[in-house]
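# Structural overview
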Amino acid sequence: MFFRANEAWKREEDDVCNDSSRGHLLEREASKTVEQRILSDFGYFGHFLHVNVGGRAGKQHILVKLYRAGGTISQRYLQETVPISSASLSEVLSKLEGQGLVTRTRSDQDRRQLNVTLTPEGEQAAVECAKRNEEFESRMLSVLDEGERRDLAHTLDRLVDHWVHIEQEETGGKRCRN
């Protein structure tokens, strides 16, 4: 499962090159600048993560978020903390409800609000998802020792801060995404 993205990415690269030889791809990569190689790798990482883990707000992520929050979260809080539209969140929650993994009920404190709660089946699914996520994260970064992981995290944090700054300059202070 973890390497589905690699095959899909390679097929996309092959289609772009109209040449399926791996040597051609490696040669093409070698001719890129360091910046081009890094940005290309980021594209691959994003593709790989999307294919193997799903988007940042899919069903499994909602289940794990609910589980880590103690099993119940307001739908409004979910909306504020996941990077999808309210319509998409409602669709995801409806699917989870239909599968018997969550329930939505009116809040006792504010009847306008809905609380989203894991069912026992949802809790079991969330535990399984969290375990798979932890195994995936560990496996995908196992090539790096602890110091290298900390250094990489620090470097990526610096890039995120820089990219957020660029984004804010280009959008007049508004962020395009959460």
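Nothing here was measured: the structure is a model prediction, and the numbers come from that model.

Cut-offs applied
- Residues numbered from 1 in each chain as written.
- Predicted model: local features only at pLDDT ≥ 70, side-chain atom pairs only at ≥ 80, totals over all residues.
- Heavy atoms only, no water.
- Phe/Tyr/Trp six-rings, centres within 6.5 Å; stacked < 30°, edge-to-face > 60°.
- Helix = DSSP H or I, 4+ residues; strand = E, 2+ residues; numbered from the N terminus.
- Expected span 1.5 Å × (residues − 1).
- Buried < 20%, exposed > 50% of the residue type's maximum accessible area, 1.4 Å probe, protein only.
- Arc of directions from axis to C-beta.
- Salt bridge = Lys/Arg side-chain N within 4 Å of Asp/Glu carboxyl O.
- Pairing = 2+ DSSP bridges.
- Axes fitted to C-alpha atoms, helices over the stretch in contact; angles between N-to-C directions.
- Parallel < 35°, antiparallel > 145°, perpendicular 65-115°, else oblique.
- Contact = heavy atoms within 4.5 Å.
- Patch = residues over 30% accessible without salt bridge, like charges linked within 9 Å, V, L, I, M, F, W, Y side chains within 5 Å.
- Areas by Shrake-Rupley, 256 points an atom, 1.4 Å probe, with all protein chains shown as cover.
- Core = buried A, V, L, I, M, F, W, Y, C linked by side-chain atoms within 4.5 Å.

Evaluated as defined, the whole model comprises 4 aromatic pairs. Ring pairs connect the aromatic residues Tyr44, Phe45, Phe48 and Phe136, which therefore count as one cluster.

Moving on, we come to helix 6 (residues 86–98). Three or four residues apart is the spacing at which side chains of an α-helix point the same way, because the helix has 3.6 residues per turn. In this model helix 6 runs 18 Å from its N-terminal to its C-terminal C-alpha over 13 residues, within 8% of the 18 Å that 1.5 Å per residue would give. Within helix 6 the residues assigned to the buried category are Leu89, Val92, Leu93 and Leu96. Down the axis of helix 6, the buried side of the element spans an arc of 95 degrees, and every buried residue falls inside it. Exposed positions of helix 6 whose direction lies more than 90 degrees from the buried face are Ala87 and Gly98.

Evaluated as defined, the whole model comprises 6 salt bridges. The closest approach of N and O atoms between Glu146 and Arg150, which form a salt bridge, is 3.5 Å. In this pair, Glu146 and Arg150 both sit in helix 8 (residues 146–171), 4 residues apart, roughly one turn of the helix. Judged by its relative accessible area of 45%, Glu146 is partly exposed. A single network of salt bridges, built from pairs that share partners, joins Glu146, Arg149 and Arg150.

This brings us to the pairing of strand 3 (residues 114–118). Inspection of the sheet shows strand 1 (residues 72–74) paired to strand 3 by 3 bridges, in the antiparallel sense. Within strand 3, the residue paired with Ile73 across the bridge is Val116. With 5 bridges joining them, strand 2 (residues 102–106) and strand 3 adopt antiparallel strand pairing. Each bridged residue has a counterpart across the sheet, and for Arg106 the counterpart in strand 3 is Leu114.

The next thing to look at is the packing of helix 4 (residues 59–68) against helix 6. For any two helices packed against each other, the geometry comes down to the angle between their axes and how far apart the axes lie. Interhelical geometry of helix 4 versus helix 6 gives an angle of 80 degrees and a closest axis separation of 10 Å. Regarding the angle of helix 4 to helix 6, the classification is roughly perpendicular. Between helix 4 and helix 6, the residues in contact are Lys59, Ile62 and Leu63 and Leu89, Val92, Leu93, Lys95 and Leu96, respectively.

Further remarks concern a nonpolar patch on the surface. A contiguous nonpolar patch, built from Val34, Ile38, Leu39 and Trp163 and spanning about 390 Å² of accessible area, is present on the exposed surface. Here Trp163 is to be found in helix 8.

Given a rise of 1.5 Å per residue, 21 residues ought to cover 30 Å, and the 30 Å separating the end C-alpha atoms of helix 7 (residues 120–140) matches this to within 8%. For helix 7, the set of buried residues is Gly122, Ala125, Ala126, Cys129, Ala130, Asn133 and Phe136. Along the axis of helix 7, the buried residues cluster in a sector spanning 140 degrees; they form a single face. Along helix 7, exposed side chains directed more than 90 degrees from the buried face belong to Pro120, Gln124 and Lys131. Where the residues of helix 7 are buried, they touch helix 3 (34–53), helix 4 and strand 3.

A few words now on the nonpolar core. The biggest cluster of nonpolar side chains holds 16 residues, and the ones touching the most others in it are Ile62, Leu63, Leu66, Leu78, Leu93, Leu96 and Val102. Where this core is concerned, the elements lending two or more residues are helix 4, helix 6, strand 3 and helix 7. Of the residues forming this core, the biggest block, 4 residues, is contributed by helix 6. When neighbours within four sequence positions are excluded, Leu63 is seen to be in contact with Leu96, Leu101, Val102, Leu118, Gly122, Ala125 and Ala126.

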